[in-house]
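Listed below are the residues making up each chain.
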Amino acid sequence: MAAAQGPLEPLVRLAETARNLAWIFLIFRLFANDGRDESLRPTRPVIITLALVQLLQPVLLLIEARAAPGSTAIDVAFEVSAALNMLVAIGALVLLHNLYVGASMAARRVLRWSGVALACLWGYDLNLYTIAYLSGQEPGLLLALRGVLSGVMIGVLVLGANARSAELEFRPSRAVTFQTLSLLVIGSYLVLMIFVTKSLSMLGGDLGRATQVIFLALAGMAAVLWLPSERARAWLRVMATKHLFQHRYDYREEWLRFTRTVGSASVGAGASGMPSFQERAIKAIADITDSPAGLLLAPNEEAQLELVARSNWPTIAVPAIAADYELSSLLEQHNHILDLDDVRAGNDHFGEVALVPEWLIEAEDVWALVPLVHFDRLVGTIVLARPRIERRLDWEDYDLLKVVGQQLASYLAEQSGQQALMEASRFDEFNRRIAFVMHDIKNLASQLSLLARNAEKHADNPEFRADMLVTLRNSSDKLTNLLARLGRYGSGQSQERRSVDLAAMAKGLAKRFEVTHPLQLTRADAAVVMADNEGLEQAIMHLIQNAIDASDPETPIYLDVSSDGLNGQFDIIDTGSGMSPGFIRNGLFKPFVSSKDGGFGIGAFEAREIVKAMGGRVNVESREGLGTRFSIILPLREAAEILAKEEQPKSGEVA
């Protein structure tokens, strides 16, 4: 109607009065629907007063119609009409404020959209009639835009009348918010420029112009320095995300899902059976960031990271030493989540760019490294695959992953402690049984020794007795050696070390096994080490027997002897079934854990303990379905002599 006849026509102004009365009645009904129409009786007189004031508009319209054109009565009627409309708008806004403030939290969700629409309508009218009263004439532009605003607010009122309006919330996207913030910053900058420029122009003369030039130059320099700054833009994004958005994560739901994944063995179970705790730990963190796969790396005895388990990531090739001890130290010290995209871009925070291994850099699917720190000690590291929907890690990811990583680290540390207690308990039982075995063997050795001595005294046939004595003495010596070995078991001590030629030992073992299983010597470099010959041979025999058990009868076992100038290395290589990373870390060198049916599970453990007692170490690399390589590494004779001299007390020092 206003568009067709004009906003100042009498019929249009009467329709406006009817509209305002309808809005006042709507406010009254909102009070009634909220259940406060009886308890807030003082509101009724206010509503009635507003309605009566609004009904004065037709009277003023009649006065204007009867007054002569250009008379003072028309101007007075216009001012009174504007003032009355201002009073009605103020009263309506006060009622809306009381309506919302006095409502319960549940009622506010229902009133939200209707309150916003009515507040916008009455607020616009208040500004419109205030300008009209002060200027003495109707503002044409505001009157023209009034219809647009009314149409939009009617849509909001319809939305508020919907039964599901309480569930609707205004949540702008991050892009819209950042663009709006940018516009606000630009607008504020322009307003400041205009204000300062106008203020300085009042100074006049050369001083004003010089000040304007200096201000513009400084403002331009600040904009040039700030806009390209990635750190400044990142800080602005983080602050806007923290304070303008609700959290992306539902922390209650995420924590419940994390607990279910870690605590339920059925989560993630596949065709291979129930997942291990390490696999569930990977999945628990990967699910938070929607990562499809992950790896668990853990530090070994030398603080180097090794693969422990993988979840849904069979294709990625992980070296035997996944990362050096320096990266473990950095993760442990700073407990910093590494964004691999930042590392690839060369963004260095704590020196991690030089420490992240190449295989992680080259694998484009690797997204992040989450350290698991428990009491300032690195328990492990989760490697997360890139999510299916490409995105960058943000502050909320860092906060949540760090907390979850600490919780998961405590679980892993607790599991390691429980395993250590179980092993100690089983060792105690084993030691008790060995004590009886040692007692019986000792008695047998004593009896054989006595028999040998009696035979020497009562021999009737010298030749026969001589042969018997040789046999008995050999048996006695073997039993005595067995007792000595059992007495040293687990003590970390070894017999006197002598020069041992690893190449000669390898050739002898290959010849010894040629009847039972083929052994091939692939390399036999000169490598003379300091070791207990009998103990070293026993350790190698254990590992060769394990390789034979894991291989087909006709498949050869390969022996390789090499030297790097400091250490000699004896490799036992098979192409058998191989072992999983989890078994290598948690079962291979643990006593009483065996992958063979009926195995006692002590061979590999004893081999490692024997070699450690000689100052060496045992390394293992294995891939399921491909085979296994055991490496015994011992210092060469020359290096061992140098180390022995350095360990001796210096002359003049008290030992």
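Quick caveat: nothing in here was measured; it's all calculated off a predicted structure.

## Description of the overall build of the chain
Here is step 1: Scanning the chain for helices and strands turns up 21 helices and 12 strands.
Here is step 2: Out of the 655 residues in the chain, the part that is buried amounts to 38%.
Here is step 3: Put simply, 67% of the contacts in the chain that link residues at least 6 apart link residues at least 24 apart.
Here is step 4: A total accessible area of about 37700 Å² is found for the chain, and carbon and sulfur atoms account for 59% of it.

## Notes on the sheet that holds strand S4 (residues 366–374)
Here is step 1: Pairing is antiparallel in the open sheet, where 5 strands are placed in the order S2-S1-S5-S4-S3. Either end of the sheet is taken by a strand with one partner, and the two such strands are strand S2 (305–311) and strand S3 (338–339).
Here is step 2: In this sheet, strand S5 (residues 377–385) lies alongside S4 in antiparallel orientation, the contact comprising 8 bridges. Opposite Val370, over in S5, you have Ile382 as the bridge partner.

## Re the side chain of Asp287
Here is step 1: In this structure, Asp287 sits in helix H11 (residues 277–288).
Here is step 2: Each residue touching Asp287, except ones within four places of it in the same chain, is listed here: Arg257 and Thr261.

## So, the pattern of salt bridges
Two side chains bearing opposite charge may form a pair once their charged atoms approach each other closely.
Here is step 1: Going through the model one piece at a time under the given rule, you end up with 13 salt bridges.
Here is step 2: Close ionic contact of Asp125 with Arg19 constitutes a salt bridge, the shortest N to O distance being 2.9 Å. Pair noted here: Asp125 is in helix H5 (residues 105–135) and Arg19 is in helix H2 (residues 10–33), with a separation of 106 residues, a long-range link.
Here is step 3: The partner of Arg386 in a salt bridge is Asp341, and the shortest N-O contact between them spans 2.9 Å. Here the residue Arg386 occupies a position in the loop between S5 and helix H15 (395–457), and Asp341 occupies one in helix H13 (residues 340–344), the gap between them amounting to 45 residues.
Here is step 4: Several salt bridges share partner residues, and in doing so they unite Asp339, Asp342 and Arg392 into one network.

## Observations regarding the environment of Gly115
Here is step 1: Relative to the helices and strands, Gly115 resides in helix H5.
Here is step 2: The spacing of Gly115 and Leu30 is 85 residues in sequence and 9.4 Å in space, taken between C-alpha atoms.

## Considerations on the pairing of S4
Here is step 1: Counting buried residues along S4, 9 of its 9 residues qualify, which places the element largely inside the surrounding structure.
Here is step 2: Pairing geometry for S3 and S4, over 2 bridges, is antiparallel. Paired with Leu338 across the strands is Leu369, a residue of S4.
Here is step 3: Between S4 and S5, which pair antiparallel one after the other, the connecting turn spans 2 residues, and Phe375 there sits at a positive phi close to 55°.

## Re the nonpolar core
Here is step 1: Counting residues in each nonpolar core, the largest one holds 39 residues, and the members touching the most others are Leu536, Ile540, Ile544, Phe570, Ile572, Leu588 and Ile632.
Here is step 2: With 7 residues, the top contributor of residues to this core is helix H18 (residues 533–550).
Here is step 3: Those residues in contact with Leu536 that lie beyond four places of it in its chain are Val500, Leu502, Met505, Ala531, Ile610, Met614, Ile632 and Leu634.

## Describing helix H3 (residues 43–66)
Here is step 1: Here H3 contains 24 residues, and its C-alpha end-to-end distance of 36 Å stays within 8% of the 34 Å for a straight helix at 1.5 Å per residue.
Here is step 2: Considered for burial, the residues of H3 that qualify are Thr43, Ile47, Leu50, Val53, Gln54, Gln57, Leu60, Leu61 and Glu64.

## Structural notes on the sheet that holds strand S9 (residues 557–563)
Here is step 1: Read from one edge to the other, the open sheet built from 5 strands follows the order S7-S9-S10-S12-S11, with strand pairing classed as mixed. With partners counted over all chains shown, the strands left at the sheet margins are strand S7 (519–524) and strand S11 (617–623), one partner each. For this sheet, the mean angle separating the axes of adjacent strands, direction not counted, is 15°.
Here is step 2: Where S9 meets strand S10 (residues 567–574), 6 bridges bridge the pair, whose relative direction is antiparallel. Note on S10: the bridge partner recorded for Tyr558 is Ile573.
Here is step 3: Across the face of the sheet, helix H17 (residues 502–512) comes into contact with S7, S9 and S10 while running at roughly 165° to S7.

## Comments concerning the side chain of Thr17
Here is step 1: Following the sequence through the fold, Thr17 ends up in helix H2.
Here is step 2: Looking at Thr17, the relative accessible area reads 7%, which means it is buried.

## Focus on helix H19 (residues 581–588)
Here is step 1: Among the residues making up H19, those that are buried are Phe583, Ile584, Gly587 and Leu588. Seen along its axis, H19 keeps its buried residues to an arc of 115°; they face one direction.
Here is step 2: Each element contacted by the buried residues of H19 is listed here: helix H20 (603–613), S11 and strand S12 (627–635).

## Description of unusual backbone geometry
Here is step 1: Of note, Asn312 is a non-glycine position whose phi angle comes to about 60°, a positive value.
Here is step 2: Following the sequence through the fold, Asn312 ends up in the loop between S2 and helix H12 (325–334).
Here is step 3: On the accessibility criterion, Asn312 (58% relative accessible area) is exposed.
Here is step 4: In this structure, Phe375 takes a positive phi of about 55° despite not being glycine.
Here is step 5: Assignment of secondary structure puts Phe375 in the loop between S4 and S5.

## Considering the packing of aromatic side chains
Here is step 1: According to the stated counting rule, one finds 2 aromatic pairs in the structure shown.
Here is step 2: Pairwise contacts between aromatic rings join Trp255, Phe258 and Tyr411 into one cluster.

Definitions and limits used
- Residues numbered from 1 in each chain as written.
- Predicted model: local features only at pLDDT ≥ 70, side-chain atom pairs only at ≥ 80, totals over all residues.
- Heavy atoms only, no water.
- Helix = DSSP H or I, 4+ residues; strand = E, 2+ residues; numbered from the N terminus.
- Buried < 20%, exposed > 50% of the residue type's maximum accessible area, 1.4 Å probe, protein only.
- Contact = heavy atoms within 4.5 Å.
- Areas by Shrake-Rupley, 256 points an atom, 1.4 Å probe, with all protein chains shown as cover.
- Pairing = 2+ DSSP bridges.
- Salt bridge = Lys/Arg side-chain N within 4 Å of Asp/Glu carboxyl O.
- Core = buried A, V, L, I, M, F, W, Y, C linked by side-chain atoms within 4.5 Å.
- Expected span 1.5 Å × (residues − 1).
- Axes fitted to C-alpha atoms, helices over the stretch in contact; angles between N-to-C directions.
- Arc of directions from axis to C-beta.
- Phe/Tyr/Trp six-rings, centres within 6.5 Å; stacked < 30°, edge-to-face > 60°.

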